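One-letter residues, chain by chain:
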Amino acid sequence: MVDILFIGLSLGSILLLIALGLSITYGAMGVINMAHGELVMIGAYTAVLAGIYLGANIFVAMPLAFVATALLGWLIEAVVVRRLYGRLLDTLLATWGVAILIQQAVRLELGLTFFGIQIPGLGPGLQNVSVPEILSGTVAIFGEEVNAYRTFIIFVTIVLTVLTWWILYRTPIGTQVRAIIRNPQMAAACGIDVKRVNAMTFAYGSGLAGVAGVMMSGFKTVFPDMGTPMVVDGFLVVVVGGVGSLLGTVAAAGLLGEINGVFASVTNDILARAVVFATVILILILKPAGLFSFKGR
Amino acid sequence: MSFNRRSFLKSSALAAGALATPGIFHRAAMAADEIEVGVLFSQTGGLSIIEKSLSDATLMAIDEINSAGGVLGKQIKPLVEDGASDPKTFNEKASKLIIRDRVPTVFGCYTSASRKAVLPVFEKRRNLLFYPTYYEGFECSKNVVYTGAVPNQQLSNFIPWIINTLGKKKFFIVGSNYIYPREMAKVSKILIEQNGGEWIADEYLELGHSEWGAMVNKIKSSGCDVVLSNVVGDSVVAFYREYKNQGISQADLPICATVTSEVEIAAMGAEYAAGSYTSFPYFQAIDTPANHAFVERYRKFVNDPKAVTHHAMASSYFQVFLWKQAVEKAGEATPEAIVANVGGQSFDAPDGKVTVEAANLHTAMTPRIAQWKADGQGEIVEAYDHPVFPLPYVAYGETQDNLFCTAQGLDTSKLNQ
């Protein structure tokens, strides 16, 4: 039983890893960032390239990916998202376009194929990142042999969640972000530089996506289309958890991960996926605003 | 000089006509010493990674035939179309090649879904498709020449070998949830029972799904001693990785696969597959001068010194030569003449002698089993010493003496038994 719960927990932590960044940008800024999956993909490619050019393992790749995707996120915010605040559907379309651009840029090796230059590691092919020796195989936890790499993912997720919580609830910038979540106009009137805070929030959310990408690269193939399905899973968690609620995101990721893990173990994976979606529908019927949500905005 | 609109239009039209005329004559003249054929694979989209290699192998074969003088004294001109990883696009492009370009043959398709999508076009227009992929069988068309392995050519040696040589008897069958893995599982179960083994589970995962935690855990606790994998696509990669990450060793509980080729191994990282097995008629590791030369030529052709060759790619290559021989025997390049003459054609392919069987237009090939090494290459551990007759309906009891798919078409009465 412990191993089944562990699988659920690891599924939940992967969901949370993807949803964390998404939840912040959606919650704080009301932006449905469809390019979030592509930021995850860029994070994974950072790990691939760091491996090829620097001989670096995923521990080194994680901060690199955070910086790279945070910068990319900052750029996306400055060029596209900033001009579209308050227009939910427009941001959805615009970031979807950004997603396609990023995907094709990676596939075309950033356009360099036109000039006959080839960057090993980019392009349409499948890539992989090897897991360091200490993270492969199993470790014993409570007398149960569990997957070392997944334990590591759970650990990283906990660290990032605590860090995010600390930033949101224990720093001045976090107070400003929370004020913007509740009421952006009033926050602006109180002298908060909404633009600057939003840019930083978006960059931070994007950086989290990059770290998620490095984690993904350890057990999935890295290829230009890998991000697209992740956005769906991410929004599943954000919407079920309740917009802008860190607690809700954590709870929803844990709940959906466990449901998926337990049903996949006792029945099969195909049914488990259906049960997850049925649960999501049920929760949204009973609690339309998600599990934990703020009142009004 | 007065220059009104009408005269301007007239002179422009004349000029345009004069410019275009040489082109028309040129094209007509070209057509006399050229045979156009269709090459239809996904150049874009999710499947392009693998289908691009099939397209390249086809073009390489055409290139080689052309530099050796072509076919019937004519050069082959490939019309490359992009199926875009989408069955509907495959259908449209097949129609375009057959109806507008009037090609006598198309080399193409990788997935069963794309083949099923183009099949009606080929049957209705009485045209001809050369299909290079290993597939589930269960099809009998007079308009398709199948040059990939069918289930009996991947499993008839594999299952007995697993049971007798590896000494593994309890099978856990796992696959992606669609027709190929399910048909492969059907054939496997028959063979497992015939050889005195047992299968304890038969599980499927959504196509393209890459979350293997629960499934690998199930495998671990099922008490099986071998895993038979019919998993396809990038799910394969996540599967082998999770397998190793959950601490299962290939030595204790080997994965024996029917889809995992050099391409997937390269994608997952060779250390994850090391020790597992795959059954295919062709491997890059086949140690013959013919195959070494083939790998060398391919790497030069695609200008990539590390390119890998694999089964469907080898079929994509040799099927063009089988086609050429049929055209030469027929003395003309019409679909009817090619179909009538392709049966019985043999060719010394990189994987040995291959023969298109006249009875069912499938190809006899030599099954082999390879064990994957840490460098991403297989080591051939078992091979038939002769090509095996293709039986597309083996899951339903077809044998070489009792063919369901015959020159007269499919004998459906046998399926209902």
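So, how was this worked out
Residues numbered from 1 in each chain as written. Chains lettered and ligands numbered in written order. Predicted model: local features only at pLDDT ≥ 70, side-chain atom pairs only at ≥ 80, totals over all residues. Heavy atoms only, no water. Pairing = 2+ DSSP bridges. Helix = DSSP H or I, 4+ residues; strand = E, 2+ residues; numbered from the N terminus. Axes fitted to C-alpha atoms, helices over the stretch in contact; angles between N-to-C directions. Buried < 20%, exposed > 50% of the residue type's maximum accessible area, 1.4 Å probe, protein only. Salt bridge = Lys/Arg side-chain N within 4 Å of Asp/Glu carboxyl O. Domains from an automatic or database assignment. Contact = heavy atoms within 4.5 Å. Buried area = accessible area lost by both parts, 1.4 Å probe. Polar contact = N/O pair within 3.5 Å; in protein donor to acceptor, adjacent residues only side chain to side chain. Nonpolar A, V, L, I, M, F, W, Y, C, P; charged D, E, K, R; others polar.

Visitor: What am I meant to see in the sheet that holds strand β7 (residues 198-205) of chain B here?
Guide: Sheets are built from strands paired through backbone hydrogen bonds, the pairs being either parallel or antiparallel. Residue and element names in this part refer to chain B. Pairing is mixed across the open sheet formed by 7 strands, whose spatial order is β7-β6-β8-β9-β10-β14-β15. Only two strands of the sheet have a single partner each, and these edge strands are β7 and β15 (378-383). Strand-to-strand, the axes of this sheet are offset by a mean angle of 25°, without reference to chain direction.

Visitor: Looking at this model, I keep getting lost on the pairing of strand β14 (residues 368-372) of chain B. Mind explaining?
Guide: Residues and elements named next belong to chain B. Here β14 lies mainly inside the structure; 5 of its 5 residues are buried. Burial of β14 is two-sided: the residues Arg368, Ala370 and Trp372 facing one way and the residues Ile369 and Gln371 facing the other way are all buried. With 4 bridges joining them, strand β10 (residues 277-280) and β14 adopt antiparallel strand pairing. Residue Ser279 lies in a different strand from β14, and its bridge partner there is Ile369. Two elements, β14 and β15, share 5 bridges in a ladder whose sense is antiparallel.

Visitor: I'm lost on the pattern of salt bridges in this one. Help?
Guide: A side chain with one charge may pair with a side chain of the opposite charge, provided their charged atoms come close. Scanning the model with the defined rule gives 22 salt bridges over all chains in all. When the shortest N-O distance is used, the salt bridge between A:Arg87 and A:Asp90 registers 2.7 Å. Taking relative accessible area as the criterion, A:Arg87 reaches 43% and is therefore assigned partly exposed. The class for A:Asp90 is partly exposed, based on a relative accessible area of 30%. Among the ionic pairs, B:Lys93 bridges to B:Glu81, the shortest N-O distance being 3.7 Å. Here B:Glu81 lies in strand β2 (residues 75-82) and B:Lys93 lies in helix α3 (residues 87-100), a separation of 12 residues in the sequence. Judged by relative accessible area, B:Glu81 falls into the buried class, the value being 12%. Salt bridges sharing partners connect three or more residues here, namely B:Glu81, B:Lys93, B:Lys96 and B:Asp101.

Visitor: Help me understand the domain arrangement of chain B, please; the structure alone is not making it clear to me.
Guide: How large an interface is tends to be reported as the accessible area lost when its parts come together. Residue and element names in this part refer to chain B. Domain assignment breaks chain B into domain 1 (5-150 + 288-366) and domain 2 (152-280 + 369-390). Put simply, the middle of domain 1 and the middle of domain 2, counted by C-alpha atoms, are 31 Å apart. Domain 1 puts 21 residues into the contact, and the matching count from domain 2 is 19 residues. If you sort the residues of domain 1 by the area they bury against domain 2, Tyr134, Glu136 and Val150 come out on top, with a joint share of 31%. Summed over the shared surface of domain 1 and domain 2, the result is 0 salt bridges. Our count for the domain 1 to domain 2 interface comes out at 6 residue pairs in polar contact (both at pLDDT 80 or more). Class assignment of the residues belonging to the side of domain 1 that touches domain 2 gives a composition of 10 nonpolar, 8 polar and 3 charged.

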